[in-house]
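Each chain, written out:
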Amino acid sequence: MERTFIMIKPDGIKRRLISRIIQRFEEKGLYLAASKCVIPKRDVLEQHYSHLSSKPFFNEIVESMMSGMVLAMVWVGKNAVSTGRKLIGETDPQAASIGTIRGDYGITVGKNIIHGSDTVENAEREIKLWIGDDVQPVSFFDEAWIY
Ligand code: GTP
Ligand code: MG
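Since the structure is predicted, the reported quantities are computational estimates derived from the model, not experimental observations.

Student: Could you clarify how one ought to interpret the UniProt feature "active site" (unreviewed entry) in the protein chain in this entry?
Tutor: The UniProt record annotates "active site" (unreviewed entry) at His115. Along the chain, His115 falls in strand E4 (residues 114-116). In contact with His115, not counting residues within four places along its chain, are Phe5, Ile6, Met7, Lys9, His48, Ile88, Arg102 and Glu126.

Student: For this particular structure, what's the right way to read the packing of aromatic side chains?
Tutor: Here the distance between the centres and the angle between the planes together describe a pair of aromatic rings. The tally for this structure, following the rule as stated, stands at five aromatic pairs. Among the aromatic residues, those joined into a ring-pair cluster are Tyr31, Phe140, Phe141 and Tyr147.

Student: Before we go on, may I ask you to explain the site of ligand 1 in this structure?
Tutor: Surveying the vicinity of ligand 1 reveals 14 residues, the closest of which are Lys9, Arg85, Thr91, Asn112 and His115. A distance of 3.1 Å separates an oxygen atom of ligand 1 from a polar atom in the side chain of His51. In this structure, an oxygen atom belonging to ligand 1 sits 3.4 Å away from a main-chain N or O atom of Val109. Its free accessible area being 600 Å², ligand 1 has 80% of it covered by the protein chains. Judged by its atoms lying within 2 Å of the grid points, ligand 1 is housed in the largest pocket.

About the thresholds
Residues numbered from 1 in each chain as written. Chains lettered and ligands numbered in written order. Predicted model: local features only at pLDDT ≥ 70, side-chain atom pairs only at ≥ 80, totals over all residues. Heavy atoms only, no water. UniProt positions renumbered as here; feature names shortened; annotations may be inferred. Helix = DSSP H or I, 4+ residues; strand = E, 2+ residues; numbered from the N terminus. Contact = heavy atoms within 4.5 Å. Phe/Tyr/Trp six-rings, centres within 6.5 Å; stacked < 30°, edge-to-face > 60°. Near = heavy atom within 4 Å. Polar contact = N/O pair within 3.5 Å; in protein donor to acceptor, adjacent residues only side chain to side chain. Areas by Shrake-Rupley, 256 points an atom, 1.4 Å probe, with all protein chains shown as cover. 1 Å grid on protein atoms, 1.4 Å probe; cavity = no way out; pocket = protein on both sides within 12 Å on 5 of 7 lines; lining within 4 Å. Sits in = over half its atoms within 2 Å of the grid points.

If you want it as structure tokens, here you go:
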């Protein structure tokens, strides 16, 4: 079954949005397979955001992600990666549709609440980077009711 890496950023944690965000993923039909609260280290963030290292806002992102706790999670299900992106919405909350997490809770791109992997390959890379190999396999007992 496909896995995606989802991370509630420090602004999402400080605004006490954890339960509402988790509820949206559960209600959609994905399963939570692993989770971890951490204050991210700079070297992990530099690897995570390596595709943005030449951008002028790179340092701003790294510093804001180090400003507090994040909740790193692995969510599992059919098409988990694209489903996660749909639940989250566009990068800029101003462009994100109402009904998505960023569209409902965010205003600016620098405080867009949550991260979600954009491809299956990046999901696996990010799970390895943030969580490692200690992810339990999920058994779907209600698969016939979800798909
Ligand atoms: P993630 O799910 O967080 O990876 O977002 P994304 O895939 O929608 O966007 P991308 O990977 O291109 O950018 C990663 C993160 O960098 C975004 O979520 C923003 O937090 C931040 N970011 C992107 N563009 C800008 C920008 O123009 N200004 C600032 N301050 N931050 C940006
Ligand atoms: Mg991205």
